[in-house]
Amino acid sequence: MISPKQALLKRSFDLMLALALLPLLGIPIILLFLMASIDTGANGLFLQERIGQYGERFKIYKIRTLKEGVHRLGHMDYYASAFGKFLRASKFDELPQLFNVLKGDMSFVGPRPDLPGFADALQGDDRIILEVKPGITGPATLKYKDEELILSKQMDPESYNRTIIWKDKVEINKRYVKNYSFSLDLHFLLKSLKNS
């Protein structure tokens, strides 16, 4: 379980890294926003409600990759342009989450923030996941880096996500929180850089 001292170190590291990256990524984020606005014909910044630490809701920032409309799980790439597919595959659409880290909504490493109806519905010991800030990357994110491809092969992506992937993510994230260490965060950050 993460201690107050560990939480302070984690937050301090997040702030220092985010502030160091901001001058490097600020202009690329603006350019991606403009290109996505042209590509999708909508606001290039996509905001979506997610569940954060202690079950509190916040708006996550992403570069828009899909055109307007109803999007079905397991078929997301169908709604994305070639540019949108590139953003999703490269994870460049996640870059604006740097501002979520600066605001304190998120950490660089932690359980991925989910839509309402998942993390906020956890019961008992599973709610330990909500003790930490959600992350841009983490152990479950790395394991399921090809989640969209996995879901696209399922007859019922919604059911498979809830009964198989989500349950596995909960167990992975519980282990992360229960065995938390700063060196573990560094391990997942380096692993994410290698896989990008």
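Here's a quick rundown of the structure. Model, not experiment: these values are computed from the prediction.

What counts and what doesn't
- Along each chain, the written sequence defines residue order, and numbers are assigned to residues from 1.
- For this predicted model, a pLDDT threshold of at least 70 governs which residues receive local features, and a threshold of 80 or more governs which side-chain atom pairs are given and counted, while totals over whole chains, interfaces and linings are taken from all residues.
- The basis for every side-chain value is the complete set of non-hydrogen atoms in the structure, without hydrogens or water.
- Runs of H or I in DSSP of at least four residues are treated as helices and runs of E of at least two as strands, each being numbered from the N terminus.
- Between buried and exposed lies partly exposed: a residue is buried under 20% and exposed over 50% of the maximum accessible area for its type, with that area taken using a 1.4 Å probe on protein chains only.
- Two aromatic rings, drawn from Phe, Tyr or Trp (for Trp, its six-membered ring), form a pair once their centres lie within 6.5 Å of each other, and the interplanar angle then sorts them: stacked below 30 degrees, edge-to-face above 60, tilted otherwise.
- Strands are labelled as partners when DSSP assigns at least two bridges between them.
- Among buried residues, the Ala, Val, Leu, Ile, Met, Phe, Trp, Tyr and Cys ones that are joined through side-chain atoms within 4.5 Å form a nonpolar core.
- In this description, contact between two residues means that some pair of their heavy atoms is separated by no more than 4.5 Å.
- As used in this structure description, the phrase polar contact means that two N or O atoms lie within 3.5 Å; if the pair is within protein, one of them must be able to donate a hydrogen and the other to accept it, and residues adjacent in sequence are counted only when both atoms belong to side chains.

1. Quick look at unusual backbone geometry
Next up, step 1: A positive phi angle is found at Tyr54, which is not glycine, with a value near 60°.
Next up, step 2: As for its placement among the helices and strands, Tyr54 is situated in the loop between strand E1 (45-51) and strand E2 (57-63).
Next up, step 3: Unusually for a residue other than glycine, Lys91 sits at a positive phi of about 70°.
Next up, step 4: As for its placement among the helices and strands, Lys91 is situated in the loop between helix H2 (82-90) and helix H3 (97-103).
Next up, step 5: Given a relative accessible area of 43%, Lys91 falls into the partly exposed group.

2. Remarks on the packing of aromatic side chains
Next up, step 1: If you walk through the whole model with that rule in mind, you get 6 aromatic pairs.
Next up, step 2: Seen from their ring centres, Phe118 and Trp166 are 5.3 Å apart, and the 75° between their planes marks the pair as edge-to-face. One end of the pair, Phe118, is in the loop between strand E3 (107-109) and strand E4 (135-137); the other, Trp166, is in helix H6 (residues 157-178), and 48 residues separate them in sequence. By the burial criterion, Phe118 is buried, and Trp166 matches it.
Next up, step 3: A connected cluster of aromatic rings, assembled from ring pairs, spans Phe83, Phe86 and Phe92.

3. Points about the pairing of E2
Next up, step 1: For E2, a buried count of 5 out of 7 residues is recorded, marking the element as mostly surrounded by other parts of the structure.
Next up, step 2: Pairing of E1 with E2, which is carried by 7 bridges, proceeds in the antiparallel orientation. Counterpart to Leu45 in the pairing with E2 is Ile63.
Next up, step 3: Counted along the chain from E1 to the antiparallel partner E2, the turn is 5 residues long, and its residue Tyr54 has a positive phi close to 60°.

4. A look at the environment of Leu186
Next up, step 1: Tracing the sequence through the fold places Leu186 in helix H7 (residues 182-195).
Next up, step 2: Taking the C-alpha atoms as reference, Leu186 lies 9.7 Å from Phe108; in sequence the two are 78 residues apart.

5. Some remarks on the nonpolar core
Next up, step 1: If you look at the biggest cluster of nonpolar residues, it comprises 25 residues, and the most contacted ones within it are Phe108, Val109, Ala119, Leu122, Trp166 and Tyr176.
Next up, step 2: Listed by contribution, the elements that provide at least two residues to this core are E2, H3, E3, H6 and H7.
Next up, step 3: It is H6 that provides the largest number of residues to this core, a total of 4 residues.
Next up, step 4: With residues up to four places along the chain from it excluded, the contact list for Val109 reads Lys10, Lys133, Gly135, Thr137, Gly138, Tyr176, Asp185, Phe188 and Leu189.

6. Focus on the environment of Ala42
Next up, step 1: With respect to the helices and strands, the residue Ala42 is situated in the loop between helix H1 (4-40) and E1.
Next up, step 2: For Ala42 and Lys174, which are 132 residues apart along the polypeptide, the C-alpha to C-alpha distance reads 38 Å.

7. Focus on the side chain of Arg112
Next up, step 1: Mapped onto the secondary structure, Arg112 falls in the loop between E3 and E4.
Next up, step 2: Within polar-contact distance, the side chain of Arg112 engages the side chain of Gln97 at 3.0 Å.
Next up, step 3: Excluding residues that lie within four positions of it along the chain, Arg112 makes contacts with Ile60, Glu94, Gln97, Met106, Pro134, Gly135, Ile136 and Thr141.

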